[in-house]
Amino acid sequence: MKNRWMSAKWIGLIVFLAAFASGCGKNHLSTLRPAGEVGQEQFYLMVFSIAIMLLVVVSVIILFSFAVLKSRRSKLGEDYKPKDVAGNHVYEVIWTSIPILLIIILAVPTVYLVFKQGDVRGMENEDGGINTEETIVNVTANQYWWEFEYPNEEVVTSQELVVPTDRRVYFNLKGGDVKHSFWVPAAGGKLDTNVDGINSFYLVFDDDSAEESNRLFYGKCAELCGPSHALMDFKVKALPEEEYDQWLADMKAVEEPAQASTDDAAEGQEIFNNSCIGCHAVTPQGAGAVGPNLANFGDRDLIAGFLEHNEENLVDWIKDPESFKPGNKMTDQYDLSDEEIDKVASYLMELKVEEGSGDVESLREKPEEDSEEGGN
Amino acid sequence: MATTAKKKGFGSVIWEYMTTVDHKKIAILYLIAGGFFFVLGGIEAMLIRIQLAVPNNDFLSGGLFNEVITMHGTTMIFLAAMPLLFAFMNATVPLQIGARDVAFPFLNSLGVWLFILGGIFINLSWFLGGAPDAGWTSYASLSIDSPGHGIDFYAVGLQITGAGTLISGINFVTTIINMRAPGMTYMRMPLMTWTTLVASVLIVFAFPPLTIGLFLLIFDRMFGSSFFLVETGGNTIIWEHLFWIFGHPEVYILILPAFGIFSEVFSTFSRKRLFGYSAMVFSTVLIGFFGFMVWAHHMFTVGLGPTANAIFALATMAIAVPTGVKIFNWILTIWGGSIEFTTPMLYGLAFIPTFVMGGVTGVMQGAAPADYQYHDSYFIVAHFHYVIVGGVVFGLLAGLHYYWPLMFSTMLSEKLGKITFVLFVAGFHITFLIQHFLGLWGMPRRVFTYLDGQGYNTANMISTIGAVMMAIAVVVLVINIIITVAKNKQVGRDPWGDGRSLEWSLPLPVPYYNFAQIPLVRGMDAFWIEKEANDGKMMPAESLDDFHMPNNSILPFIMSLGLFIAGFGALYFASGKEWAISAVSDMPQHPWALWLLIIGLAITAGAMITRSLKDDLGYYVTKEEVLRDLEEEERGAK
């Protein structure tokens, strides 16, 4: 009897914890399971404000319930004549000053964090140029895809953002056509990608949280930007610093397009070079292109930002992008037969960046040369 | 009047309403048109919830979904909530302050017709090439990018209804300042009148920025200017500022009159005067004042910089204080009263906890760094539905039941009213409570679908079930209205039995001239005082004599119709013109559009000239007629 009660208690606890965990959403995209410093601070501020507000809600509801229960006409009788009270200065001072006090308490961390999280001075070096010591990503949001440029390393990729863990990643955001908003809920709040100018902020991805989320976080567009706004997702791959450096070096090592290995893919490459290369680069250079950079397309986890990564989906996508992402800019830009599309798809699936091909040492040296050149 | 209306044919009733300058009939026009648009906006809401019920749904396409959300927001704010509030303002305010009509009856009529025709104009976009699709906020980069005439329908249509709203706002300010009966000092005005006054002042100051923003948008889209075109030196953030300098006070324009309705309802059905009246008045004014200083909290993520964000964060939090004062005063009004659970009172009681919940999430969003997470997520959708449905729509439903006898001299069924109440309030919380969590789990707003496997499925299904309950509630409400109108069981003076302010001292149906003699107001809750002291007879402030009333006129309708026609002209005139932005210049040219524009403006100008040159001196209601009415009423009472 006792045992059964014990086990029931445990099951109850597990169910409760499961419900609680699911109540916080998925760890790769929920604001309630922050994955780094910025998200953590915002989460604390949320919890702090919720605690204060729950206090308010509970006391109002208690007061209100008493008021309603004690003043029912059915209880007091039809003839009861309420006493008219004009007001009460003491009460009014109390319920004016307590909210003011609560708001001051909430205002302190708010103002502190506004200035702390708005501080992006680390992006610049002493001369006001780009700080080459920091991880900086230039993000351009386009209808309906994302371009990520690493200015210090001169690498461009799209749709899948790769970041190092356990250090600040600075972002420069801008909108390529209309206004979008860059949001990685697990890592921290959003910032708009205006068409008028560049917005900057930073995020941090903890290595432990990254590991829990299989190193993939979800990013979303948070500002209505047209028919396919809902599908303008991206992925964030958070790698330990060495792996991140290696990835950058590998990307940097790609100087010419990967060569196709099969006949189909080779034909596909030719078709691609005739019909697609005007918009899509296949080497990780050339920021500001019309379409997403495809240099490491074969390594990615999603097609068009939201479809499962396999050749079948890729073929369907190229055949009729409009049916997947209405309003996208790729529809009707090319005229390919089904057979040609199959070949292009098999070529694209081969666009992988060889792991370990790049030299990490040169990656670290390169930017300095660059800045010297810039100085000259 | 109802009896004389019955003798008339259908056509002459329509004519009567098209020409009327009587605030009571204009209130009915606002109620019918606003109710129609409310149902329309509700249908759009249902389409949204059906689309989002399951992941990867293809019930609506991405483009159509954006049109539906844009029209849902635009319709509910501009064409349903505001006009319905105007309905109750028109129905009550002149009666509450002891006036025979508003200050400018002709403008009152012009306001309602501009609203109705502007509303029809926007909605005709559905049939004329597609509705606007850039959200009700219509942010400039996207609205400039939007192909076709959808955004133009939005901009021109809002310009027409906006003019109507501005005119009505000016009218109410003037009426309340100038037309109060003797003894009706500012600090004796019922809260409904006070909130109408403050909301009208807000309209006068808040609508011009919107008008300017819309004009700039129209110029950009149709006439080749570049206020918002970045490549030619424009700036899109300016639109956001202009929109929210209007948009935030707009929220208070909506909620303050709802606060007014609730204040009346709480006091009436607790049989107790409003607690802390002067604090209530002061907090109303303060909310209106603060309302203009917080607009940038809608723009925390735009990148205005930490200093701007910090200032607007503090200002935003400060608004909670006067709002909190109101909540506590309402609770203390109920405290120690004698509560009768009528349908309006039930909405009032449901409003307090609901609005507090919407209010505290508002303060939470004031904490800017946390708002970086909330912004443009479903958390925001949940928040503003808690304040706008939980505050404004509950207020409108309370007002509908409470003021129905004043407007139609019949009573809505309490039984059906309570069924609506339970379904609507329960459905509302089921729909929107869960959406807070959706937002925190990372679901952005304005998405036409969401992928499977993100943990959003169950919550969205729950939300849709709640929306269905709200829809059923509205259907029951419509049935209630139809039954009540069909039965037409007339009620007499002070139908709730506990009326306190001046409007309930009048016989029902209210005579077209309102007061046979302008009453003398001897204190707050004027009618209550006389019920206690004088058997419910108001003391007259003037002797029985002839008095002046304005004539009916068709001119307001004609003026509005002219602008409606000119609107189409302006819109199609730009099609295919090379100076317009590409979205508009790609369309075929319409040579007739210029003529439409000229004819429309000529009609409006003609009507205005007629109005200016032709003296309309109104007419006198004679002493004999008033006496006859008074006698008839006395016979009826016996």
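Rules of the game
- Residue numbers here run from 1 along each chain, matching the order of that chain's written sequence.
- By the order in which they are written, chains take letters starting at A while ligands take numbers starting at 1.
- Totals for whole chains, interfaces and linings use every residue, but because this is a predicted model, local features are given only for residues with pLDDT of at least 70 and side-chain atom pairs only at 80 or more, for both listing and counting.
- For side-chain calculations, the full set of non-hydrogen atoms in the structure is used, while hydrogens and water are omitted.
- Secondary structure follows DSSP: runs of H or I at least 4 residues long count as helices, runs of E at least 2 residues long count as strands, and numbering of each begins at the N terminus.
- The rule is simple: take the accessible area with a 1.4 Å probe, protein chains only, and divide by the maximum for that residue type; under 20% is buried, over 50% is exposed, in between is partly exposed.
- In this description, contact between two residues means that some pair of their heavy atoms is separated by no more than 4.5 Å.
- Each accessible area value is a Shrake-Rupley result obtained with a 1.4 Å probe; residue values ignore everything except the protein chains displayed when judging cover.
- Charged residues are defined narrowly, with Lys and Arg counted positive, Asp and Glu counted negative, and His plus the chain ends left uncounted.
- Think of each charge as sitting on NZ of Lys, CZ of Arg, CG of Asp or CD of Glu.
- Each axis is a line fitted through C-alpha atoms, taken for helices only over the stretch in contact, and angles between the N-to-C directions span 0 to 180 degrees.
- Working rule for angles: under 35 degrees goes down as roughly parallel, over 145 as roughly antiparallel, 65 to 115 as roughly perpendicular, anything else as oblique.
- Note on convention: near helix rotated counterclockwise from far helix by under a right angle means a left-handed crossing. Clockwise means right-handed.
- In this classification, the charged set is Asp, Glu, Lys and Arg, the nonpolar set is Ala, Val, Leu, Ile, Met, Phe, Trp, Tyr, Cys and Pro, and all remaining amino acids, among them Gly, are polar.
- DSSP bridges decide pairing: two strands pair if at least two such bridges lie between them.
- Within 6.5 Å between ring centres, the rings of Phe, Tyr and Trp (the latter by its six-membered ring) count as paired, and their orientation is classed by plane angle as stacked under 30 degrees, edge-to-face over 60, tilted in between.
- Charge-over-ring contacts are defined here by two conditions on Lys NZ or Arg CZ: a distance within 6 Å of the ring centre and an angle within 35 degrees of the ring normal.
- Like-charged residues within 9 Å of one another, or nonpolar side chains (Val, Leu, Ile, Met, Phe, Trp, Tyr) within 5 Å, are grouped into patches, provided each residue has over 30% relative accessible area and no salt bridge.
- Salt bridges are counted wherever a side-chain nitrogen of Lys or Arg sits within 4 Å of a carboxyl oxygen of Asp or Glu.
- Start and end points for every domain follow an automatic or database-based domain assignment.
- For this analysis, a polar contact is any N or O atom pair within 3.5 Å, provided that within protein one partner can donate a hydrogen and the other can accept it, and provided that sequence-adjacent residues contribute only side-chain to side-chain pairs.
- Grid spacing is 1 Å over the protein atoms alone, the probe is 1.4 Å, and a cavity is where that probe fits but cannot get out, while a pocket is an open set with protein on both sides within 12 Å along at least five of seven lines and lining residues have an atom within 4 Å of a point.
- Grid points are joined across faces, edges and corners, and a volume is the space filled by probe spheres set on the points.
- UniProt positions are given in the numbering used here, feature names are shortened, and annotations may be inferred rather than shown by experiment.

Turning next to the overall build of chain B. Within chain B one finds 21 helices and two strands. When the backbone C-alpha atoms are referred to their principal axes, chain B occupies close to 75 × 60 × 45 Å. Here chain B holds 638 residues, and the buried ones make up 65% of them. By sequence separation, contacts in chain B at least 24 residues apart represent 82% of the contacts at least 6 residues apart. Per element, the accessible surface of chain B, about 21500 Å² overall, is 70% carbon and sulfur. For chain B, the centre of its 32 positive side-chain charges and the centre of its 40 negative side-chain charges are spaced 10 Å apart.

Take the packing of helix α2 (residues 37-70) of chain A against helix α12 (residues 343-366) of chain B next. Where α2 of chain A contacts α12 of chain B, the axes come no closer than 10 Å and their chain directions differ by 165°. With respect to each other, α2 of chain A and α12 of chain B are oriented roughly antiparallel. Regarding α2 of chain A and α12 of chain B, the two cross each other, and that crossing is right-handed. Here S49, I50, M53, V56, V57, V60, I61, F64 and V68 of chain A of α2 of chain A come into contact with α12 of chain B, specifically with L349, I352, P353, V356, V360, V363 and M364 of chain B. Class assignment of the residues belonging to the contact of α2 of chain A with α12 of chain B gives a composition of 15 nonpolar, one polar and no charged.

Within the sequence span of helix α8 (residues 311-319) of chain A, burial applies to N313, L314, V315, W317 and I318 of chain A. Of the surrounding secondary structure, the elements contacted by the buried residues of α8 of chain A are β11 (302-303), β12 (307-308), α9 (321-324) and α10 (338-349) of chain A.

All names here are of chain A. Spatial ordering of the open sheet is given by β3-β2-β1-β5-β8, a layout of five strands whose pairing is mixed. The open sheet has two edge strands with one neighbour each: β3 (155-158) and β8 (199-204). Pairs of neighbouring strands in the sheet enclose a mean axial angle of 25°, with direction left out of account. Of the pairings in the sheet, the one linking strand β2 (residues 145-150) to β3 comprises four bridges and is antiparallel in character. Within the sheet, the bridge partner assigned to Y150 lies in β3 and is V155. The strands touched by α2 are β5 (168-175) and β8; relative to β8, the strand with the most contacts, the crossing angle is about 90°.

Residue and element names in this part refer to chain B. For the structure shown, the criterion picks out 72 aromatic pairs over all chains. When the ring centre of F547 is taken as origin, the NZ or CZ atom of R100, which lies over that ring, is 3.5 Å away. When the ring centre of F106 is taken as origin, the NZ or CZ atom of R611, which lies over that ring, is 3.7 Å away.

Below, the discussion takes up a negative patch on the surface. All names here are of chain A. There is a patch of like negative charges on the surface, built from D263, D264, E311, D338 and D342. The set of elements that each furnish at least two residues to the negative patch consists of α7 (263-275) and α10. Relative to the elements of secondary structure, D342 occurs in helix α10.

With that settled, consider the sheet that holds strand β10 (residues 234-239) of chain A. Residue and element names in this part refer to chain A. Sheet architecture is open: five strands sit in the order β4-β10-β9-β6-β7, paired in mixed fashion. Only two strands of the sheet have a single neighbouring strand rather than two, namely β4 (160-164) and β7 (188-193). Across the sheet, the mean angle separating the axes of adjacent strands is 25° when strand polarity is ignored. As judged from the four bridges shared by strand β9 (residues 216-221) and β10, these two strands associate in the antiparallel manner. Looking at β10, one finds that Y218 is bridged to K235.

All names here are of chain B. Looking at the assigned domains, one finds that chain B contains domain 1 (272-337) and domain 2 (340-443 + 481-501). Inter-centroid distance (C-alpha atoms) of domain 1 to domain 2 is 19 Å. Each side of the interface is counted separately: domain 1 has 16 residues, and domain 2 has 15 residues. Here domain 1 and domain 2 share two residue pairs in polar contact (both at pLDDT 80 or more) between them. Class assignment of the residues belonging to the side of domain 1 that touches domain 2 gives a composition of eight nonpolar, six polar and two charged.

Moving on, we come to unusual backbone geometry. A cis amide bond links Q143 of chain A with the next residue in sequence, Y144 of chain A, at an omega value of -15°. Of note, the bond from L508 of chain B into P509 of chain B is cis; its omega dihedral lies within 30 degrees of zero at -10°. Positionally, P509 of chain B belongs in the loop between α16 (457-487) and α17 (526-534). Notably, N214 of chain A is not glycine yet its phi reads approximately 55°, a positive angle. Despite not being glycine, S138 of chain B has its phi angle at roughly 50°, a positive value. Relative to the helices and strands, S138 of chain B is located in the loop between α5 (105-124) and α6 (140-145).

So, on to empty space enclosed by the protein. To find leftover empty space, one rolls a probe the size of a water molecule over the atoms. Summed over all chains, the structure comprises five cavities of 30 Å³ or more. There is about 140 Å³ of room inside the largest cavity. For the largest cavity, the lining is made up of 16 residues, of which P190, L191, E264, S267 and D525 of chain B are closest to its centre. The element contributing the most residues to the lining of the largest cavity is helix α9 (residues 237-269) of chain B, with four residues. Partitioning the lining of the largest cavity into residue classes produces eight nonpolar, four polar and four charged. Lining of the second largest cavity is provided by 14 residues; of these, K220, A230 and D233 of chain A together with V447 and T449 of chain B occupy positions nearest its centre.

Our focus in this paragraph is the environment of N178 of chain B. Following the sequence through the fold, N178 of chain B ends up in helix α7 (residues 150-178). On the basis of relative accessibility, which here comes to 55%, the residue N178 of chain B falls in the exposed class.

This next bit is on the UniProt feature "domain: Cytochrome oxidase subunit I profile" (unreviewed entry) in chain B. What UniProt calls "domain: Cytochrome oxidase subunit I profile" (unreviewed entry) maps, in this numbering, to residues 9-522 of chain B. The distance from the first to the last C-alpha atom of residues 9-522 of chain B is 43 Å, and the span holds 70% helix and 0% strand.

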